[in-house]
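# Observations on the three-dimensional arrangement
Below, each chain spelled out in residue letters.
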There are 2 protein chains.
Amino acid sequence: MSPRGRRPGGEDTRAAIVEAARGEFAARGYAGTSLRGIARAAEVDPRLVHHYFEGGKSALFAAVMAIPIDPATIIAGVVLGPPEGIGVRVVRTFLTVWDNPEVQPALVGLVRSALADEVLVSQLRDYVYRDLVGQIVAAHPHARTLSAAEQSLRAGLIATQMLGLVVGRYVVELPALAKAPVDTLVERIGPIIQAHLDR
Amino acid sequence: MSPRGRRPGGEDTRAAIVEAARGEFAARGYAGTSLRGIARAAEVDPRLVHHYFEGGKSALFAAVMAIPIDPATIIAGVVLGPPEGIGVRVVRTFLTVWDNPEVQPALVGLVRSALADEVLVSQLRDYVYRDLVGQIVAAHPHARTLSAAEQSLRAGLIATQMLGLVVGRYVVELPALAKAPVDTLVERIGPIIQAHLDR
C-alpha cells in the first residue's frame, strides 16, 4: 500500500503518476482510461497530471511505454498546414522520429513486445486509432466529412501502410527499405497516404 | 547419429527431408540453403527431394514453417495474366489465403514468432524478397526492366504494404481492417501495388 495523503511535487510525483497510468492502461485499456482515474490512483490532484503531462492521455501513454517523445503532439503539429501536403508531411516526420537513434530502440522494442502481447496490442490499437491516425483523418477537410465507418476504414488503411513501413524498415529490416533515404520513401509513400485522404 | 544409407520411400523420407531442411535453413539462412545440401543432410537422392517438393526450396520452406500451402506456387499462378491486373490479383489471392481458417493460425503464428526471433526473421526476409515479392516484380513487363536497385526498392515498397496489411488485419486486428470485406481491401490496396509496378 502506498501512504495516504497528497504527494509532494517533483520527480516522485511524476513517477507516481506514470506508475498509476501504467496500472490503469493495463486494467482498463487505452480507451477506458481517464486522466481523472489516473489522478485518483496516484492520489494526486488532477491538475498535477495536466501540469506534468500537457499532452494529456497520449503523453502519459508515451511515458508509460518509455517512448521518449509524444507522437500525438508531433502529429498535431504535422497536420497543420496545407491539406494537400499532409501525406508527405506525415511520412517525413514519422521517418525522422523513427530514424532518430535516441528514440528508435524504444520504439522498435515497443512494437516487438506489442506484437507478442495481447493486452499491450489492444492498448496500442486504441492509441494508434484514436490519437495518431485518427488525428490525421480528422485534420483533412475532405476525409473528416465522411461517415464514421469510412473514416475508420481510411484510418485503418493509413495505419496499415505506416505499420508495414515500421515493421519492414526497422523490425524485419528488408534490405532496400532499411537503406532507402528518407526522401525516397517520402516521395513513394507520401502520395499513398494522401490518396487515402483525398479519395 | 542417424543410420547410414539411403532411406526407404514414404512418410519417413518426407519427414526426414523436412527436418534436414529445417536444420539447413537455420544454419545457412534461406538464401544460403540448396536443395542438394538438404538432400545430403537427409541422406537421400536429390531427385527424391524434387519428388516430394515439386515447388523446390520455397515449398520446403513452407513445410518447415508448417504453412499448409506454398505461397510461392500460388504467386506464380497469380502473376500470370494481364499485367495491368497484377496488383488486384495479388491482393485478392493473398487475402483469400490468409482469411482461410485452416491456414490463418499457422500464418499468424509464423509472423508473431518471426517478429520476435532474429534468426527466423532473417530467413523470412530472404524468402519474402526472393520468392514472393521478387516474383511479382519479375512478372511485370515494366518493373522487370528496371535496375536491380530499383526493382529491389519496389519489392520493398510492395512488401511494406502487404506486411502492414497482415499485421494490421490479422495480428493487431485494427477494427476497420479486421472487419473489412475482401472486395473493399482489393479495391483500395490493389491499385497501390499496381502503382509501385507501373510507375
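Calculation criteria
- Residues numbered from 1 in each chain as written.
- Chains lettered and ligands numbered in written order.
- Predicted model: local features only at pLDDT ≥ 70, side-chain atom pairs only at ≥ 80, totals over all residues.
- Heavy atoms only, no water.
- Least-squares fit on C-alpha atoms with pLDDT ≥ 70 in both.
- Contact = heavy atoms within 4.5 Å.
- Helix = DSSP H or I, 4+ residues; strand = E, 2+ residues; numbered from the N terminus.
- Buried area = accessible area lost by both parts, 1.4 Å probe.
- Salt bridge = Lys/Arg side-chain N within 4 Å of Asp/Glu carboxyl O.
- Buried < 20%, exposed > 50% of the residue type's maximum accessible area, 1.4 Å probe, protein only.
- Domains from an automatic or database assignment.

## With respect to the relation of the copies chain B and chain A
Least-squares fitting of chain B to chain A yields an RMSD of 0.0 Å, with the transformation described by 0.0 Å of translation along the axis and a rotation of 180°. Here the transformation between the copies is reduced to the relation of a two-fold axis. Within chain B, Gly164(B) has its C-alpha nearest the rotation axis, a separation of 1.8 Å. A share of 100% of the interface residues of chain B reappears at the interface of chain A, consistent with the copies meeting face to face through the same patch.

## A few points about the environment of Gly109(B)
Its location among the elements puts Gly109(B) in helix 7 (residues 104–115). Linking Gly109(B) and Thr184(B), residues 75 residues apart in sequence, is a C-alpha distance of 25 Å.

## Thoughts on the interface of chain B and chain A
Each partner contributes to the interface: chain B provides 38 residues, whereas chain A provides 38 residues. Considering only the surface of chain B that becomes buried against chain A, Leu115(B), Thr160(B) and Arg188(B) emerge as the three largest contributors, covering 20% of it. At the junction of chain B and chain A, the tally comes to 6 salt bridges. Across the pair Arg199(B) and Glu187(A) runs a salt bridge whose closest N-O atoms are separated by 2.6 Å. Within the residue set of the side of chain B that touches chain A, elements represented by two or more residues are helix 7, helix 8 (118–138), helix 9 (148–171), helix 10 (175–179) and helix 11 (182–198) of chain B.

## Remarks on the environment of Val172(B)
Examined against the element boundaries, Val172(B) turns out to sit in the loop between helix 9 and helix 10. For Val172(B), a relative accessible area of 8% puts it in the buried group. Beyond its immediate chain neighbours, meaning those up to four positions away, Val172(B) contacts Leu115(A), Val121(A), Arg125(A), Leu163(A) and Val167(B).

## Some points on the domain arrangement of chain A
All names here are of chain A. When the domains of chain A are assigned, the result is domain 1 (11–63) and domain 2 (68–198). Using C-alpha coordinates to define each centre, domain 1 is positioned 24 Å away from domain 2. At the interface, 10 residues of domain 1 touch 12 residues of domain 2. Roughly 850 Å² is buried in total at the junction of domain 1 and domain 2, and carbon and sulfur atoms are behind 62% of that figure. At the surface where domain 1 touches domain 2, the tally comes to 0 salt bridges.

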